[in-house]
Amino acid sequence: MENYIAKTNLELAIETKNLEVIYGDHQVVFDSSLEFPRHKITAIIGASGSGKSTYLRSLNRMHDKTVTVNGQIVYRGVDINQPSVNAYEVRKQIGMVFQRPNPFAKSIRNNLVFPLKENGITDKRVLDERVEESLKEAALWDEVKDDLNKSALELSGGQQQRLCIARALALRPDILLMDEPASALDPISTEKVEATMRKLRRNYTIIIVTHNMQQASRVSDFTTFFHQGRVVEFAPTQELFQTPRVKMTEDYISGNFG
Amino acid sequence: MDEIKDRLLKPSKATKQDQRGRMISYLSIGLIAILVISILYFIATRGLSMFFNDGIKVSDFLFKTDWNPGKKLVGALPMIVTSFGVTLLAALIATPFAIAVALFMTEFAPKRGARFLQVVIELLVGIPSVIYGLIGLAVVVPAMRIMYGGTGFGILAGAVVLFVMVLPTITSLTVDALKAVPSHYRQASLALGATRWQTIYKVILRAATPGILTAVVFGMARAFGEALAVQMVIGNAAMLPHNLVSPSATLTSQLTMGIGNTIMGTLPNNALWSLALLLLIMALVFNILVKLIARKGRIK
Amino acid sequence: MNAKRNDHLATGIIYALVGIVVIILFGLIGYILVSGVPHLSWHFLTSPSKSFAAGGGIRDQLFNSVYLLVLTLLISFPLALGAGIYLSEYAPDNWLTSLMRTAIEVLSSLPSVVVGLFAYLVFVIQFQIGFSILAGAIALTFFNLPLLTRNIETSLSSVPNLQREAGIALGLSSWKTITGIILPAAVPGILTGVILSAGRVFGEAAALIYTAGQSAPALNYANWNIFDTNSFLNPFRPAETLAVHIWKVNAEGIVPDIDVVSNGTAAVLIIVILAFNLSARYVGNRLYRRLTSSK
């Protein structure tokens, strides 16, 4: 496995060592060791059922209490896959955007303000600032700035997804996990979300799961290929798509899989 | 940097919130469980006291027909017979109506008709039982008197009142059962040239039979336990009914009439608690029946 | 051709049976309104009932019903909410949970007279509270809990799981996610359930005969000291409700104007319950729209 992991000079944001995920008696992710460089976009590609989403969701402890996760997840020198580690704080540092937009049944503003208030930010000026900044970062501000009190459910699918990105960014996380964030969106919305991601790279580490190889090649700096619960290859995106080192990767990206 | 690492390793406000939240919810469900257990316990101990303390035989209680606890006669058969009588009769009348309404809502007019009948059913559920009793007293009992002579009080009047009361229960559960029949059954049957009624009768009703049975059992459970509406029209005479229009008494009516007029700990009072225990046991039996039907339906 | 004729025949029978059911409902409501509404007057609603003479009103019964309803909801709602949250959000999939579910099913299938007698046995006799509003409210809580719990559970469960994930992923505690995100989204459904259960509680009599009692002692509506026997707020005084009043007047048959009193009371009862039913229908939708946009 070690062979496939790129030896880069980049600073690391998070890494996993021998991670495995087990649902009951059904193992989904095997012995996965990966390193994610800081302030880069890393794409995880693979067929459906390859365990890529399951892997992603273990990084911010979304599997707590439902699924067994073994191995290490090292973040800031701490193995955060320990029960003693505060999972709530992990999730504040490692935000997540889901496949289907899931804004709260609240106003646009309150979608951002509610989690902020829970984190002890109550000053109205700070809240307003944070709302504006985050919505701008997610490229949604111009479209909603005049009706922040409108229900978030009245937004279009693409707007809802960018609101969810803004909501995650409002907490000023370090890493942003994105689980097929554009798969439920139309092409125009997809393009907007991708543009947003490229902009975010400057300040955030992004790990995105996608089954769309064009998307991976368009937005990501690094790409890793998952197959049947195992990491097959990790490389700079250009390299992985143009000169894959493993036959299986080549088969997958050229479309003659199986 | 280190501040974040620090936060990762310490419990936070959220940790405490979750501990407290889990405790609150466990406490509530625990209270309900304790409540159910104490209901079973208290009613059982009171209800059995007649057999242990007053030396009454269970068989005498269940099968003798003379009820006069003041004279140590505690044959509950008249009440048992009457309770089952009104329950079965009410279910018998209600079931065809319930199936008709449910079919109308699912097969005939699933849109506007169903919405209208949904409102009708919900309103029927909402009407309090004393009002059913009141109308039974004012309308059903005189009607029985005119048609069959006598006082008009009795099993038939009770069954008529109960029929309307259990109708919504049976109907809404039957609707659920019919809706659960996969639509390709319907389409396959119609495609084979069957008429709508043949499809309903041979395919849909047959597939929904376990569900409909469950609905009827639920209806019967409600009828068996209903107290005031029945008490108002049954006549309240604790003797074996001669026919459907002679005054009699159900377990529930005997209980409601008697408990206030007896002294705690005496035989007449204990005898009433035994009736209550019988009611409780029947409620459990209906519950188990529903489970059995569900299991059987699944295996098939 | 036989099949076709059967089809027509069956269709005809079904329409007839449905027609009869509709007629029964309108007959019921119509009968109560027609025979009761003419007896309604300001005097009837605002004067105390009489035990032996004609011309009694229902002032105290009306107040008792409302007071009892409020007390019942105050006790049962928090409990049902806690239990509903447990069942929909925390309950692990094991034998203990299924035992809890069975317990709730058993409670909901118990006849209300049995539940009332249990409350009578424990609270009125054992704890010596006596016939009282409090005992009545406890009995009604027992009667109300299973349905309300189930309603809250289904309302919470019908909120999509994506909402839970969104909350958890933001580092919120499960508790905060439930109370701050899931619960508000479930409010329309819960409120509808609460209003419908209020209707059931308002009309229930069997559980009250031996708990809240069958007498309505003279009340002083100016006495705000809840420990005074004649204070209208005293939870330890016996309190006959509208539904119990209808039953008692008919069972005893002493008052000379039974028809006037019981039909009039029945009309009031049914009007209140119809109002509960209709408002449950509209409030749910209204509230949902209000909640999703702020201010």
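Residues numbered from 1 in each chain as written. Chains lettered and ligands numbered in written order. Predicted model: local features only at pLDDT ≥ 70, side-chain atom pairs only at ≥ 80, totals over all residues. Heavy atoms only, no water.

- By the naming in an unreviewed UniProt entry, chain C goes by Phosphate transport system permease protein PstA and is assigned to Paucilactobacillus nenjiangensis.
- Here is the UniProt Sequence similarities (unreviewed entry) comment for chain C, exactly as written: "Belongs to the binding-protein-dependent transport system permease family. CysTW subfamily."
- Note on chain C: under the UniProt heading Subcellular location (unreviewed entry), the record states "Cell membrane". (UniProt positions renumbered as here; feature names shortened; annotations may be inferred.)

1. Regarding the confidence of the model for chain C
Phase 1 of the analysis: Looking at chain C as a whole, the pLDDT averages 89, with 97% of positions reaching at least 70.
Phase 2 of the analysis: Interface confidence for the predicted complex, given as ipTM, is 0.89, next to a pTM of 0.88. (pLDDT = per-residue confidence, 0-100.)

2. Some words on the interface of chain B and chain C
Phase 1 of the analysis: Between chain B and chain C, the residue contacts involve 72 residues of the former and 72 residues of the latter.
Phase 2 of the analysis: With both sides pooled, the region where chain B packs onto chain C buries about 6,500 Å², and carbon together with sulfur makes up 82% of that total.
Phase 3 of the analysis: Broken down residue by residue, the surface that chain B buries against chain C is led by B:Ile29, B:Ile32 and B:Leu134, which jointly contribute 9%.
Phase 4 of the analysis: Here B:Lys291 ties to C:Glu105 by a salt bridge, and the two come within 3.3 Å at their closest N and O atoms.
Phase 5 of the analysis: Applying the counting rule to chain B against chain C returns 10 residue pairs in polar contact (both at pLDDT 80 or more).
Phase 6 of the analysis: The leading source of residues in the side of chain B that touches chain C is helix 2 (residues 13-53) of chain B, at 20 residues.
Phase 7 of the analysis: Across the side of chain B that touches chain C, the residue classes break down as 52 nonpolar, 14 polar and six charged. (Contact = heavy atoms within 4.5 Å. Buried area = accessible area lost by both parts, 1.4 Å probe. Salt bridge = Lys/Arg side-chain N within 4 Å of Asp/Glu carboxyl O. Polar contact = N/O pair within 3.5 Å; in protein donor to acceptor, adjacent residues only side chain to side chain. Helix = DSSP H or I, 4+ residues; strand = E, 2+ residues; numbered from the N terminus. Nonpolar A, V, L, I, M, F, W, Y, C, P; charged D, E, K, R; others polar.)

3. Here we look at the pattern of salt bridges
Phase 1 of the analysis: Throughout the structure, instances matching the rule amount to 32 salt bridges over all chains.
Phase 2 of the analysis: Notably, a salt bridge pairs A:Lys145 with A:Asp142, separated by 3.8 Å at the nearest N-O pair.
Phase 3 of the analysis: A residue is classified by how much of its surface remains accessible, and A:Asp142, at 62% relative accessible area, is exposed.
Phase 4 of the analysis: With its nearest N and O atoms 3.3 Å apart, the salt bridge here joins B:Arg7 to B:Glu3. On the criterion of helical spacing, the pair formed by B:Arg7 and B:Glu3 is a turn pair, its members being four residues apart in helix 1 (residues 2-8).
Phase 5 of the analysis: The exposure class of B:Arg7 is partly exposed, given its relative accessible area of 34%.
Phase 6 of the analysis: Overlapping salt bridges, with partners in common, bring together A:Glu11, A:Arg38, A:Arg76 and A:Asp174 in one network. (Buried < 20%, exposed > 50% of the residue type's maximum accessible area, 1.4 Å probe, protein only.)

4. Remarks on helix 4 (residues 124-137) of chain A
It helps to recall that an α-helix has 3.6 residues per turn; residues three or four apart then point in one direction.
All names here are of chain A.
Phase 1 of the analysis: For helix 4, which comprises 14 residues, the first-to-last C-alpha distance of 20 Å matches the rise-based estimate of 20 Å (1.5 Å per residue) to within 8%.
Phase 2 of the analysis: When we look at burial in helix 4, the residues that qualify are Leu127, Arg130, Val131, Ser134, Leu135 and Glu137. One face of helix 4 carries all of its buried residues, which in axial projection span an arc of 155°.
Phase 3 of the analysis: Structurally, the start of helix 4 carries an N-cap: the backbone nitrogen of arginine 125 is 3.0 Å from a side-chain oxygen of aspartate 123.
Phase 4 of the analysis: Phi turns positive, to about 60°, at alanine 139, one or two residues after helix 4. (Expected span 1.5 Å × (residues − 1). Arc of directions from axis to C-beta.)

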